[in-house]
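Each chain, letter by letter, is given below.
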Amino acid sequence: MPAGASLTVVIAEDGVLLREGLATLLARFGHRVAATAGDAEGLVKAVEEHAPDIVVTDVRMPPGFSDEGLRAAVALRAAHPGLAVLVLSQYVEQTYAAELLDSGDGTGVGYLLKDRIGEVEEFVDALTTVAGGGTVVDPEVVRQLLRRRRDPLRRLTPREGEVLALMAEGRSNAAIARALAVSEAVVGKHIGNILAKLDLPPDEDAHRRVLAVVAFLRG
């Protein structure tokens, strides 16, 4: 996705004020909101009709207010490979969150918590990143998903597990090095070992990092 390109967006949010506020905000940044929906059924219909670049959806929507929006997002990703999805919610629905992040090799997907977004530009940047095939996950989502893991990735050493957890929070090699008080060269070596132990195919480094994080969250 070229920098500054206009995106076609479908928004699914049952709160009318937030739904219309998001539409106005994205239009202000030059994006086209093709449709908005107040429930999961409306979301599916809007995607079928408008073929958007990206969907922004809440998790809990009518009629049950449990996980309808997230389940619809997972189904849409399966039916429309390449459809970018950004979840914007107050909640972490762990089962379907892991499935969503696992879909499409973990590319073009994001999960942000409404209360933790501090700047409008932060949200718009995340939208652009996800639409371009990137992955954006709030660290709190990562932490909650990690708590449900039952089967550790046994092939990794404890230090490699720490490095992979920090990768899952979206940290760069330099940031990981600072957090662990080691050199970037040491971090690079750990990441190389992680990728090898997870049997990830040779590819662009950034894509392999995403696959590693997906394996970790799924583990």
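Residues numbered from 1 in each chain as written. Predicted model: local features only at pLDDT ≥ 70, side-chain atom pairs only at ≥ 80, totals over all residues. Heavy atoms only, no water.

### Let's talk about the UniProt feature "modified residue: 4-aspartylphosphate" (unreviewed entry) in the protein chain
Moving on, step 1. Mapped onto the present numbering, the UniProt feature "modified residue: 4-aspartylphosphate" (unreviewed entry) falls on D58.
Moving on, step 2. Tracing the backbone through its elements, the reader meets D58 in the loop between β3 (54-57) and α3 (68-79).
Moving on, step 3. For D58, a relative accessible area of 5% corresponds to the buried category.
Moving on, step 4. Each residue touching D58, except ones within four places of it in the same chain, is listed here: A12, E13, D14, G69, L70, L88, S89, Q90 and K114. (UniProt positions renumbered as here; feature names shortened; annotations may be inferred. Helix = DSSP H or I, 4+ residues; strand = E, 2+ residues; numbered from the N terminus. Buried < 20%, exposed > 50% of the residue type's maximum accessible area, 1.4 Å probe, protein only. Contact = heavy atoms within 4.5 Å.)

### Overview of the pairing of strand β5 (residues 109-113)
Moving on, step 1. When you tally the buried positions in β5, you get five out of five residues, the bulk of the element.
Moving on, step 2. The side-chain alternation of β5 yields two buried faces, one formed by V109, Y111 and L113 and the other by G110 and L112.
Moving on, step 3. Read from strand β4 (residues 84-89) through helix α4 (residues 94-102) to β5, the crossover connection turns out right-handed.
Moving on, step 4. Here three bridges tie β5 to strand β6 (residues 135-137), and the two strands are oriented parallel to one another. (Right-handed = clockwise from strand over helix to strand, strands pointing away. Pairing = 2+ DSSP bridges.)

### Section: unusual backbone geometry
Moving on, step 1. Cis geometry is adopted by the peptide bond preceding P63, which originates at P62 and carries an omega value of 5°.
Moving on, step 2. Among the structural elements, P63 can be located in the loop between β3 and α3.
Moving on, step 3. For A181, which is not a glycine, the phi torsion comes out positive at approximately 60°.
Moving on, step 4. By the secondary structure assignment, A181 is in the loop between α8 (173-180) and α9 (184-197).

### Here we look at the packing of helix α2 (residues 40-50) against α3
Moving on, step 1. Between α2 and α3, whose axes approach to 9 Å, the crossing angle comes to 25°. Considering their axes alone, α2 and α3 lie roughly parallel with respect to each other. The interaxial crossing formed by α2 with α3 has right-handed handedness. Mapping the contact onto sequence places A40, L43, V44 and V47 in α2 and E68, G69, A72 and L76 in α3.
Moving on, step 2. Looking at the contact of α2 with α3, its residues break down into six nonpolar, one polar and one charged. (Axes fitted to C-alpha atoms, helices over the stretch in contact; angles between N-to-C directions. Parallel < 35°, antiparallel > 145°, perpendicular 65-115°, else oblique. Left-handed = near helix turned anticlockwise from the far one by under 90°. Nonpolar A, V, L, I, M, F, W, Y, C, P; charged D, E, K, R; others polar.)

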